[in-house]
Amino acid sequence: MKKATFKTIILFILIGAGIAAYLYFQHDQTITKPQPVDVPDVKSATISPDNNEPSTRQILNEPEEEIALPQLGSSDNFMAAALEKLLNNKALMGIFINDQLINNIVVTIDNLPRKQVTMRLMPIKKAPGHFLTTESEGQKIISPDNQKRYSNYMKLAESIDSTQLVKLYVQLYPLFQQSYEQLGYPNQYFNDRLMVVIDNLLATPEVSEPIPLVQPKFFYLYADAELEKRSIGQRILMRIGLDNERMIKAKLNEIKQALMLHMHEQKVEAIKTN
C-alpha cells in the first residue's frame, strides 16, 4: 500500500512554482489573516449504503524495498534528507520550508482542485521578486518577463527522475496517508485524491498569451470570468507562463503513467451506517 506517495511530492514540486506565482500574483500584498479553507466532501471509491455490490478502487502496490519510517510528527529531517538525495542539488533544496513538510504538502495538494490554498501552509518559498504586469492597448496583462522568476522551480521539476520519484513515493506513502487521515479523512485514501489532483491540473486550458487582467480592488484577477472560476491549481498553472505550464503538465502526465504501473484493483467493502 505504498507505491505512489512521493508523487505527491513531485506533483507539489511541479506546481510549486505556480503556487509561489499565485501568491505573488496577488500584487505582493501583505495578508494578515489567511483565508479559511473550504473542505467539501471528497469523493472516494466506496459504495453507498443501499448498494449491496462492492465497488473497487486502485490501491498502491507494496514497495519493492521497505525502509524504516519515522513518526509523522518528527519526519521533517527524514523528509529533507530523502528530497536532497532524490534531487542531488543542495541549492534547489533551499526552495523548501522544512517545517511540517509532509503535512503541508498533503494540505496543499488536497486544496489544489478547490478555489483557494492557504498561504501559511506552503511547503515552499515564494518566488523571488515581484509579480510583473504591463499594459497593451490600454489593457493590463501578465508581463512576458514574469515567467523568468520561476526558473529555479522549473529546474527543480525537470531534475526529478519520475521512476525514482515513484519508488520513493511508495516507500513513504504511510506517512502521507496518516497525514491525510489526520486532516479529516479517516475513511479516505490519499492516493485517490492525488489522482484527482493530477487530472485536474492536466485539464488546465492553454490560454493564448498575453493574458488580460483586471484589478477591481486590491488583487489581480483574470479578465475572463470563466478562467477565474477554475480551480486554484489551474489558475496557478495559467499564471506562470504557457511554456512553464506545458512543461509541468508533461511531467505530471509522465508521473501519472508511471504511477499507474504500480497500482492494482481492490474491492471496497460497504461502510455500514445507522
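Data block above holds the structure.
Notes on the structure follow. Model, not experiment: these values are computed from the prediction.

Calculation rules
- Residues numbered from 1 in each chain as written.
- Predicted model: local features only at pLDDT ≥ 70, side-chain atom pairs only at ≥ 80, totals over all residues.
- Heavy atoms only, no water.
- Helix = DSSP H or I, 4+ residues; strand = E, 2+ residues; numbered from the N terminus.
- Buried < 20%, exposed > 50% of the residue type's maximum accessible area, 1.4 Å probe, protein only.
- Contact = heavy atoms within 4.5 Å.
- Areas by Shrake-Rupley, 256 points an atom, 1.4 Å probe, with all protein chains shown as cover.
- Core = buried A, V, L, I, M, F, W, Y, C linked by side-chain atoms within 4.5 Å.
- Axes fitted to C-alpha atoms, helices over the stretch in contact; angles between N-to-C directions.
- Parallel < 35°, antiparallel > 145°, perpendicular 65-115°, else oblique.
- Left-handed = near helix turned anticlockwise from the far one by under 90°.
- Nonpolar A, V, L, I, M, F, W, Y, C, P; charged D, E, K, R; others polar.
- Salt bridge = Lys/Arg side-chain N within 4 Å of Asp/Glu carboxyl O.
- Phe/Tyr/Trp six-rings, centres within 6.5 Å; stacked < 30°, edge-to-face > 60°.
- Polar contact = N/O pair within 3.5 Å; in protein donor to acceptor, adjacent residues only side chain to side chain.
- Expected span 1.5 Å × (residues − 1).

Next up on the list: the overall build of the protein. A count of helical and extended segments in the protein gives 10 helices and 6 strands. A burial count over the protein gives 50% of its 274 residues as buried. In the protein, of all internal contacts separated by at least 6 residues, the share reaching a separation of at least 24 is 79%. Summed over its atoms, the accessible surface of the protein is roughly 13800 Å², and 49% of this surface lies on carbon and sulfur atoms.

Moving on, we get to the nonpolar core. Ranked by size, the top nonpolar core spans 61 residues in total, and within it Met79, Phe176 and Phe190 carry the most contacts. Counting only elements with at least two residues in this core, the list comes to strand S1 (55-60), helix H2 (76-87), helix H4 (101-111), helix H5 (151-159), helix H6 (162-183), helix H7 (190-202), helix H9 (232-239) and helix H10 (242-260). The greatest single-element share of this core, amounting to 8 residues, is contributed by H6.

In this section: the packing of H4 against H7. Contact geometry for H4 and H7: axes closest at 9 Å, N-to-C directions at 50°. Relative to H7, H4 is oriented oblique. As for how H4 packs across H7, the hand of that crossing is left-handed. From H4, Val106, Ile109 and Asp110 reach across to H7, where they touch Phe190, Arg193, Leu194 and Val197. Looking at the contact of H4 with H7 residue by residue, the classes come out as 5 nonpolar, no polar and 2 charged.

What the rule picks out here adds up to 12 salt bridges. In this structure, Asp110 and Arg193 form a salt bridge, with 2.9 Å as the shortest nitrogen-oxygen distance. Of this pair, Asp110 sits in helix H4 while Arg193 sits in helix H7; the two residues are 83 residues apart in sequence, bridging distant segments of the chain. Each of the two residues, Asp110 as well as Arg193, counts as buried.

Here we come to the side chain of Glu245. Mapped onto the elements of the fold, Glu245 is located in helix H10. Exposure remark for Glu245: the relative accessible area of 2% places this residue in the buried category. Among all residues touching Glu245, those that are not within four sequence positions of it are Thr204, Pro205, Glu206, Leu237, Met238 and Ile240.

Let's shift gears to the environment of Glu158. Tracing the backbone shows Glu158 in helix H5. The exposure class assigned to Glu158 is exposed, which follows from its relative accessible area of 54%. Ignoring sequence-local partners within four residues, the contact set of Glu158 consists of Met247 and Lys251.

Relative to the helices and strands, Leu87 resides in helix H2. On the basis of relative accessible area, Leu87 is assigned to the buried category, the value being 6%. For the pair Leu87 and Ile160, spaced 73 residues apart in sequence, the C-alpha to C-alpha distance is 6.2 Å. With near-sequence residues (within four places) excluded, Leu87 lies in contact with Met93, Phe96, Leu156, Ser159 and Ile160.

Moving on, we come to the packing of aromatic side chains. Scanning the entire structure with this criterion turns up 6 aromatic pairs. Taken together, the ring pairs in this structure connect Phe176, Tyr180, Tyr185 and Phe190 into an aromatic cluster.

On the secondary structure map, Arg149 appears in the loop between strand S3 (139-142) and H5. Engagement of the side chain of Arg149 in a polar contact is seen with the side chain of Tyr150, the distance being 2.7 Å.

So, on to H7. The first and last C-alpha atoms of H7 sit 19 Å apart over 13 residues, in line with the 18 Å expected at 1.5 Å per residue. Restricting attention to buried positions, one finds in H7 the residues Phe190, Asn191, Asp192, Arg193, Leu194, Met195, Val197, Ile198, Asn200 and Leu201.

Counting buried positions over the 11 residues of H4 gives 10, a clear majority of the element. Among all positions of H4, only Leu101, Ile102, Asn104, Ile105, Val106, Val107, Thr108, Ile109, Asp110 and Asn111 are buried.

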